[in-house]
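Single-letter residue listing:
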Amino acid sequence: MKKEFTVTPWEVSGNVDYERLIKEFGVTLIDANMRYKLVKTHPLLRRGLYFSHRDFDLWLERAEKGKKISVITGRGPSDKMHIGHLVPFLVAKSLQEQFDCEVFIPISDDEKFYVKEEVTFEKVLAYAQDNILDIIALGFKRGKTYIFEDFVYTNIYTYAAQIAKRITYSTSKAVFGLKPEDNVGWSFYPAMQAAHILFPQFLRGKHLSVVPVAIDQDPFIRVTRDISTHKDFQFEKPAALHSKFMPSLDGGAKMSASDTTSKVIYLSDNLEEVKKKINKYAFSGGKDTIEDHRKHGGNPDIDVSFQYLRYLFEPDDQKLGKIESDYRSGKLLTSELKSILIEKIFLFLKEHQKRKEQAKRNVEKFILK
Ligand code: TYM
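Residues numbered from 1 in each chain as written. Predicted model: local features only at pLDDT ≥ 70, side-chain atom pairs only at ≥ 80, totals over all residues. Heavy atoms only, no water.

**Q** An account of the environment of Tyr36 is requested, with residue identities and associated values reported.
**A** Here Tyr36 lies in helix H2 (residues 32-37). Classification of Tyr36 as exposed rests on a relative accessible area of 63%. For Tyr36 and Lys65, which are 29 residues apart along the polypeptide, the C-alpha to C-alpha distance reads 18 Å. (Helix = DSSP H or I, 4+ residues; strand = E, 2+ residues; numbered from the N terminus. Buried < 20%, exposed > 50% of the residue type's maximum accessible area, 1.4 Å probe, protein only.)

**Q** Account for the packing of helix H12 (residues 271-281) against helix H16 (residues 334-362), with residues named and values stated.
**A** Between H12 and H16, whose axes approach to 10 Å, the crossing angle comes to 150°. By the angle between their axes, H12 is roughly antiparallel relative to H16. In the crossing of H12 with H16, the sense of the turn from one axis to the other is right-handed. On H16, the residues touching Leu271, Val274, Lys275, Ile278 and Asn279 of H12 are Lys338, Leu341, Ile342, Ile345, Phe346 and Leu349. Taken together, the residues that form the contact of H12 with H16 break down as 8 nonpolar, 1 polar and 2 charged. (Axes fitted to C-alpha atoms, helices over the stretch in contact; angles between N-to-C directions. Parallel < 35°, antiparallel > 145°, perpendicular 65-115°, else oblique. Left-handed = near helix turned anticlockwise from the far one by under 90°. Contact = heavy atoms within 4.5 Å. Nonpolar A, V, L, I, M, F, W, Y, C, P; charged D, E, K, R; others polar.)

**Q** Quick rundown of the packing of aromatic side chains? Include the residues and the values.
**A** Within this structure, the stated rule accounts for 25 aromatic pairs. When the ring of Phe113 is compared with that of Phe151, the centres are 6.2 Å apart and the planes differ by 75°; the resulting orientation is edge-to-face. Of this pair, Phe113 sits in helix H6 (residues 109-115) while Phe151 sits in the loop between strand E7 (145-149) and helix H8 (156-164), and the two are 38 residues apart along the sequence. Each ring, one from Phe233 and one from Phe235, has its centre 6.0 Å from the other, and the planes form 15°; the classification is stacked. Within the aromatic cluster, the residues linked to one another by ring pairs are Phe104, Tyr146, Phe148, Tyr153, Tyr159, Phe199, Phe202, Phe233 and Phe235. Above the plane of the ring of Tyr266 lies Lys80, whose end atom (NZ or CZ) is 4.2 Å from the centre. (Phe/Tyr/Trp six-rings, centres within 6.5 Å; stacked < 30°, edge-to-face > 60°. Lys NZ or Arg CZ within 6 Å of the ring centre and 35° of its normal.)

**Q** Explain the sheet that holds strand E4 (residues 50-54) to me, using residue names and the numbers behind them.
**A** If you walk across this open sheet you meet the 7 strands as E3-E4-E9-E8-E5-E6-E7, and the pairing is mixed. Either end of the sheet is taken by a strand with one partner, and the two such strands are strand E3 (28-29) and E7. As paired elements, strand E6 (residues 102-107) and E7 share 5 bridges and run parallel to each other. Considered in E7, the bridge of Pro106 is made with Phe148. Along the sheet, helix H5 (residues 86-99) contacts E4, strand E5 (69-72), E6, E7, strand E8 (208-214) and strand E9 (239-243); its crossing angle with E8, the most-contacted strand, is approximately 150°. Here helix H7 (residues 121-137) sits on the sheet and contacts E6 and E7; the angle it forms with E7, its principal contact strand, is near 170°. (Pairing = 2+ DSSP bridges.)

Below, the structure is given as structure tokens:
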């Protein structure tokens, strides 16, 4: 049977069937029991955009007992960052706030340089600088957060080489779906990302880390877990937390940097851009006419504006519940729902952009040398 969707670190397309991915990737569903423990964390976790994990129950148990734990999540700087990229970083920050743990943030400029033909060496270095400021602006703790960029923190190569020796070419090819015409950088890069994921253990000794990412990054985690217990390393298998994808404005499977700008809200967008994009392009679960909408109501489950509020921009459960029921009943129109979202995104971005400016003064305090 032909697959109707594709999920790899390099490509996401089609209508993603997450239940099928759970089976294919051999990951564990985040159940009610675990969600109960996450009621105080970010809406992304407690409202279910994060849907599966590997050993996160163990990580939580260690965290609750005050044992050594850490968080790793990274960024491949191929472009400006968009609101979909907030998904792993806000969760990393939320775990840091709750458990006061160290967070490691690798910037894989080499990855995007290898896999994106249009991304030149100069461009990738410039995007890395810009993206690092966006990440710092999210409010990670100074002195407990370490950002490192592959082309700059070249020490990471010494770890990647030790790992590369333990990953066969056929593993890389099978896990990442490499094609004969792909350059050899692609086949080496998984060793680099494995080095990122094991870096806290290389640096601080054996302990349990967790990697929050969208599910497309799981192949890297699988390979890393496999080699982590090799006799040369004897590390803990890193845990993982997987999210679904934040949809693009038109309701596409994944908001992606390679989409046209009309499908993406960038962290650098201004009010006019946000207004125009949401009003014109955000896929609506409302009815075609106001009359119909008042009579039959809208469907928040497929409405992109509602999804953005639910996962990123309306943390208050009561307010979100009222928006949802008013939309379902037809009391709230699509245009009104969009206005609520525009206001929320505007406030978020205004504050974010201010903090990004301030981050320019602090950046050195977060960079690993
Ligand atoms: P990158 O730069 O493509 O994306 C950064 C992170 O954002 C997630 N993401 C999304 N999540 C939800 N909805 C979306 N629409 C969406 N778009 C992107 C990605 O899954 C990713 O977690 N190889 C990685 C960067 C990396 C990394 C690491 C991640 C380098 N080293 C170590 C984790 C651990 C990448 O290219 O991500």
